[in-house]
Every structure is written in C-alpha cells, then in structure tokens.
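Structural description and commentary
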Amino acid sequence: MSTTQVLIAGFGGQGILFAGKFLAYAGLLQGRNVSWLPSYGPEMRGGTANCSVILSDTQVGSPIVGRPDILIAMNLPSLEKYENEVPAGGCIFVDSSLVNRPVKRDDVKVFPIPATTISTEKGYDTLANMILMGHVIAHTHVIPDEMIRPAMQKVVSARHADLLEKNIEALNLGLNYQA
Amino acid sequence: MAEKILMKGNEALAEAAIMAGCRHYFGYPITPQTEVAAYMAKRMPRIGGTFLQAESEIAAINMVIGAAAAGKRSMTSSSSPGISLKSEGISYMAGCDLPGLIVNVQRGGPGLGGIQPSQSDYFQATRGGGHGDYHLLVLAPNSVQEMADLVFKGFDMSEKYRIPCMLLADGTMGQMMEPVALPERSAETIDKPWALTGTEGKRKPNIINSLALAPHELEEWNLERFKRYDIIRETEQMSESYLMDDAEICVVAFGIAARVSQNAVDTARAMGIKAGMIRPITLWPFPEKALKTAADQCKAFVSVELNMGQMIEDVKLSIECCKPVSLCCRTGGMIPTPDEVVAAIVKANEGGKQA
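Right, let's walk through the structure included here. (Residues numbered from 1 in each chain as written. Chains lettered and ligands numbered in written order. Predicted model: local features only at pLDDT ≥ 70, side-chain atom pairs only at ≥ 80, totals over all residues. Heavy atoms only, no water.)

Observations regarding the overall build of chain A
Looking only at helices and strands, one finds 6 helices and 6 strands in chain A. Starting at the N terminus and ending at the C terminus, chain A contains elements arranged as β-α-β-β-β-α-β-β-α-α-α-α. The C-alpha atoms of chain A give a radius of gyration of 15 Å, which matches the 16 Å a tight globule of 179 residues would have. Oriented by its inertia axes, the alpha-carbon framework of chain A measures out at about 40 × 40 × 35 Å. The buried share among the 179 residues of chain A stands at 53%. In chain A, of all internal contacts separated by at least 6 residues, the share reaching a separation of at least 24 is 57%. (Helix = DSSP H or I, 4+ residues; strand = E, 2+ residues; numbered from the N terminus. Rg over C-alpha atoms; globule rule 2.2 N^0.38 Å. Buried < 20%, exposed > 50% of the residue type's maximum accessible area, 1.4 Å probe, protein only. Contact = heavy atoms within 4.5 Å.)

Next up, the structure:
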C-alpha cells in the first residue's frame, strides 16, 4: 500500500503536462488510483507550468501535490519554487542543462541529468521530458518498466503514431543514463 | 461498467451530457470551463446535435430556454462571471418551470476576479441567483467520475421536477484528469406533455410563460412550485459520510474542499482525534438530515470552503446552532492545504473557536 506524489515543473512547452499524463496512464493501467492536475493559469503561456500527479493504492484525496515525493524540475524557477517543499528522503530530478546550480538540500536524493543537451545531441529535440522521465523510472521505479510501452500508446494520439517509438527511445536514453 | 479512461472533468461532463441524451448545447468560452464547449463543438455535429457558440452568455441561456420549452434536453456551461450574466435567464427558466442543466466551473470573484478554483458562488447557486422566489437543484461533484455521474442525475431530476439544475464545480474539477468509467445507460425518457411541440390540431396549445400580472395568480404559481421544493427537500438530499461512525469532530466540505479535507481527516485520525466528514453532494437541497443526525454525536463542526464562509450558514441552520461551527477557508482562488484543515480540526477538538 503506497502513495507517490509527483510534481513536474518547467516552462510551458517543455511537455510537462504530457509527461504527467504518461505517468498517470501508467498508474491507471496497473489498476492504481491516479490523479493529474495541471496548472492552467497565465503561466501556461510562456512562464512556468506544473503538473501534480498522484499514484496510489488507496483512494486519492487532494489532487494537489504540495509536498512532492518526487520533484522533476525542468528549469531553475521550478527548482527555486519547489526545492524546499520536498519532504526529507524525497527525490529531486533536475534537467542540469537548464538548471545551472546544484540542489541545496542535503536531506533528499538528487538526480541531475543533462536532458536537454542529450535530447539535442541524440536527435530527440523536444523530448527532454521523456529523457527525464526515464531517469525518474530508473531511480524510483515509480512505474514498472513493462508499463512504459502500453502507457505511451495511450498518450501518443493516433494522429501522431509515428512519434510513439521516438518517445520510447528518448525515455530509454534516460532509463539507461549513467552519470 | 466500461473501461476506465483518463479524462478531464470538463470533458467527462460533456460526454456524459451527450450520453444522457442532451443534443443541444449553447455556450460561450470562459476559463476554466472552455473544454466543455470545445468538446461539444467536436462531438455534437457528428451525432446530429447542435453546438452553438452564442454571441454572449445571455444569448446562450435564452437559447437553452427555447430548446427546453420545445421539450429538448439542453444545457449551457460557464464560469462565475458568465453565470452572473445568465442569472436573468435562469430566473425565467425557474418561473417557466423549465428543466435544463447549467454548469458553473467556478473561479475566484467578485467581479472579473481570477481564473483559479473557487467556491464563492455558493450563495448565488443555492439561493437562486436571479430575482424572485425560487431554487435550483444544485449538485456538487468532487471527482471526475462524479462530474459525469451527476450530469445524468441532474438532467433526470431537473425534468422530473421541472426545475433547472446547476452543476456547481470548480476549476480543479474541470481541469483535473482522473480515471472515469462513463455510465453505460441510456437517457431516461421523461414524458413532457407541457412541451411546445406543435398541436397538430389535436390539443389546446401549451403556453410557457413566467408573466402573471394578477398577484393572486402569481402567488398560486409560486406556492405550487414550493410544494415541489418541499418534496425535493424531503426526498432528494444526498451526502457522503467519511469516518463518521464514531466521529466527535465533523468536517463539512464539498467539491475540491472535500478532497483536501479527506487528507486532513486521515491525519487527524492518525493524531488520535476522532474526526469525520460529511460531504454534501446536493447543496440544494442541503443535506440537513445528515447534519442534524451528526449533531447528536459530534461536539463541534468545521466548515471548509473556498470562500469567506457561505455554506457555514447552512451548516448552522441544519444543526440549529446546537454545536459550535468554525470556519476554515481560503478565497480568491487559493485552496486550503490539508495542514490548514488539520489545524482547524485540532482547534475545534480543543473546544476553541476558529477566528
């Protein structure tokens, strides 16, 4: 019986909401209770965007993640805003290509990955979100590996089916990343 | 039940309305409910229904009046400032005894306010909103599943009693995604002998009107309507109890406030406080009976709301002020944290009154 609260934050356009939806679907396909709540304010139009995802074996109470077990910060403002909200023992994942300072907390586990640089170098532009997600799965097992493909099939729309493999490949880059 | 899929609350309610037989949607965009209109724009033309983006909220509600008068299941949706604009039309619907569904995905006010979630239209919804002596049926979902389920309930009740129904949601309910199993049931068909469907020369014309210049006639209409309200108060109160069996502190919350409060009740229980929650699902009729029963057993009540204290009046009225009722609230689009609700529960348990 467990509940995992995830907060994904970054710039609008980085695929924050998509990454959250992928995670939520993976949980749903496992038969778990899930919720996905996006920020929908003016921040979506160019500023910071964030997305609360909860995966739970029991009923989900509040869908708002205020104290994330897993924080995924895709830019510096997001790290600044949420770093201190992660409970002791929690995990912080940062896109170290865009976050140019180390995490200050010493009571949490920190997993940096230069996701944006990797995405550009390996030809997966705009898929830094999935590279990060792979890194998260590798270190937290928040969802089992076998849920990756079925969940991705749910969130990549039929219209963009050609992007399915691309997303999975990007995710695998993060999954197999060695610092 | 159908396979569970992830849907936004706004989309789930729109699809549920279509499944419930609604083929006439009239709307006007406003955050945070625009997905309802977007969904209807996509779906209605494919199933022979009508999606119409009106020139204003006022036009949209008057189109609902027209479709409802013709006996069609129809609806409109908006968010707080847009509902204020619709209020004149809603009063006319009440006066004409027309059914229909009005969705309010609330945002902070007053005035243009903000776009973040709020419950500050509680008074407006439960007291009628427009002018005159009337009530709406008011349903308050607290999950995406209920966003869908209560649409069916709302249409059915609205037509059964010929009273407009308001689905009172908020920005989080509209925007969040949760697994939802859309109900596998067809629309309930309710006979509408009063509808304006054409006489074909076989019956006297029906008249749908809210104008009665003779005061005794208008009083008669109103008294007849209030007889229906009495039946609704007696038979349609809905609420959900959470850990109430041995509760000494009763939290009362609906919608997103109830989701937050559920966490707080769990935390309070872990601290050894016997806390429970009553979640109104119908805000009108307010679940007075459940509250009254709880008052026999609980030593204090905490009303948790996303406004400056509106439902708290109904809580006090329901229990006839026989126990202390404190308020835990945020306003303007802010949502109380579970910790803030826990603090209010602790204070109520200690016997102090929340300022």
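Observations concerning the pattern of salt bridges
Counted by the stated rule, this structure contains 26 salt bridges over all chains. A salt bridge links A:Asp107 to A:Arg105; its shortest N-O distance comes to 2.7 Å. Accessibility expressed as a relative area gives 36% for A:Asp107, which makes it partly exposed. Judged by relative accessible area, which is 16%, A:Arg105 ranks as buried. With its nearest N and O atoms 2.7 Å apart, the salt bridge here joins B:Asp156 to B:Arg73. With B:Asp156 in helix α6 (residues 144–161) and B:Arg73 in the loop between α3 (57–69) and β4 (74–78), this residue pair connects regions lying 83 residues apart in the sequence. Grouping residues by exposure puts B:Asp156 and B:Arg73 together as buried. Through salt bridges with shared partners, a single ionic network connects B:Arg73, B:Asp156, B:Glu159 and B:Lys192. (Salt bridge = Lys/Arg side-chain N within 4 Å of Asp/Glu carboxyl O.)

As for the packing of aromatic side chains
Tallying each qualifying case throughout the model produces 6 aromatic pairs over all chains. Geometrically, the ring pair formed by B:Tyr122 and B:Phe254 is tilted, given 5.8 Å between the ring centres and 40° between the ring planes. Here B:Phe254 lies in the loop between β10 (249–252) and α9 (255–270) and B:Tyr122 lies in helix α5 (residues 122–126), a separation of 132 residues in the sequence. Across this residue pair, the class does not change: B:Tyr122 and B:Phe254 are buried. On the numbers, 4.6 Å between centres and 70° between planes, the contact of B:Phe226 with B:Tyr229 is edge-to-face. Of this pair, B:Phe226 and B:Tyr229 both sit in helix α8 (residues 215–235), 3 residues apart, roughly one helical turn. Positioned over the ring face of A:Tyr124 is A:Lys166, at 4.5 Å from the centre of the ring. (Phe/Tyr/Trp six-rings, centres within 6.5 Å; stacked < 30°, edge-to-face > 60°. Lys NZ or Arg CZ within 6 Å of the ring centre and 35° of its normal.)

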